[in-house]
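Overview (structure and organization)
Residue strings, one per chain:
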Amino acid sequence: MEGETFLWLIRHAVVAGVAGTIHAADAPADLGDRAALAALKQRLPADVASYASPSRRTVETARALGLEPELVSEFQEQDFGDWTGHRHDELAATGGEIYAQFWRDPARGRPPNGESFADQVARVRLGLSRIGPGSAALVVHSGTIRAALCIALDLAPEAALRFVIDPLSLTRIDRLASGWRVVSVNQRIS
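This write-up is about the structure you can find in this document. (Residues numbered from 1 in each chain as written. Predicted model: local features only at pLDDT ≥ 70, side-chain atom pairs only at ≥ 80, totals over all residues. Heavy atoms only, no water.)

1. Brief notes about the side chain of S116
Quick note on the threshold: Only DSSP runs of H or I covering at least 4 residues are called helices, and only runs of E covering at least 2 are called strands; the numbering of each starts at the N terminus. Whenever a nitrogen or oxygen atom comes within 3.5 Å of another N or O atom, the pair is scored as a polar contact, on the condition that within protein one atom can donate a hydrogen and the other can accept it, and that pairs from neighbouring residues in sequence are kept only if both atoms are in side chains. The contact criterion used is simple: two residues touch if any of their non-hydrogen atoms lie within 4.5 Å.
Assignment of secondary structure puts S116 in the loop between α4 (96-104) and α5 (117-129). Of the polar contacts made by the side chain of S116, one reaches the backbone nitrogen of A118; its length is 3.3 Å. In this structure S116 touches Q78, A107, R108, G109 and R110, once residues within four positions along its chain are discounted.

Here's what the structure looks like:
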């Protein structure tokens, strides 16, 4: 199966912080679900190459899985710009028309000084192009996994936002000579 890439996409553990917050890159992971981490680790192939977003929560999750990932900036979560560090309920109450406008077109809308999900898809496409043949574990964000599914299924960004990607879930996609194959999405392993 020379030239084929088998991707094990893992969403990081729950963020140790206030729920509903747009977390910054330095937000830590809550690694308390040891059973889920152990079960997920068991599902990974032996000697798998590993990659992660440079965010603290992804690196901590990868290390809890026994991985020492190469950090890939293209796998970062969508940049929410000025909204980073704020809670969604706060932004809904104080963000006015800019926040409301964003949610009318969340795939293409850009937060102030941030990027759209469509921008993230383009970034993730570049990051995926740099991963060579073989098996690779990517410990990343929900948006990154949605972007990878958008690419694999040739979806419009709006459609890819419909996927639910839970913390510590596994999504499997393969890049084959004939195109992409989706093996599973949002599997909870425990």
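2. With respect to the sheet that holds strand β4 (residues 134-140)
In any sheet, the strands associate via hydrogen bonds between backbone groups, in a parallel or an antiparallel arrangement. Our working rule: Think of it this way: DSSP has to see at least two bridges between two strands before they count as a pair. Think of each axis as a best-fit line through the C-alpha atoms, taken over the contacting stretch in the case of a helix, with angles from 0 to 180 degrees between the N-to-C directions.
Sheet architecture is open: six strands sit in the order β3-β2-β4-β1-β5-β6, paired in mixed fashion. The open sheet has two edge strands with one neighbour each: β3 (70-71) and β6 (179-188). Taken together, the six bridges between strand β1 (residues 5-11) and strand β5 (residues 169-176) define a ladder with antiparallel strand orientation. Pairing of L9 across the sheet is with T171, part of β5. Here helix α2 (residues 56-64) sits on the sheet and contacts β2 (49-52), β3 and β4; the angle it forms with β4, its principal contact strand, is near 130°.

3. A few points about the pairing of β5
This is how it is decided: Each residue gets one of three labels from its accessible area relative to the maximum for its type: buried under 20%, exposed over 50%, partly exposed in between, using a 1.4 Å probe on protein chains only.
Buried residues dominate β5, accounting for eight of its eight residues. Residues S169, T171, I173 and R175 line one face of β5 and the alternating positions L170, R172, D174 and L176 line the opposite face, and both faces are buried. Alignment of β5 against β6, held across seven bridges, turns out to be antiparallel. Within β6, the residue paired with R172 across the bridge is S184.

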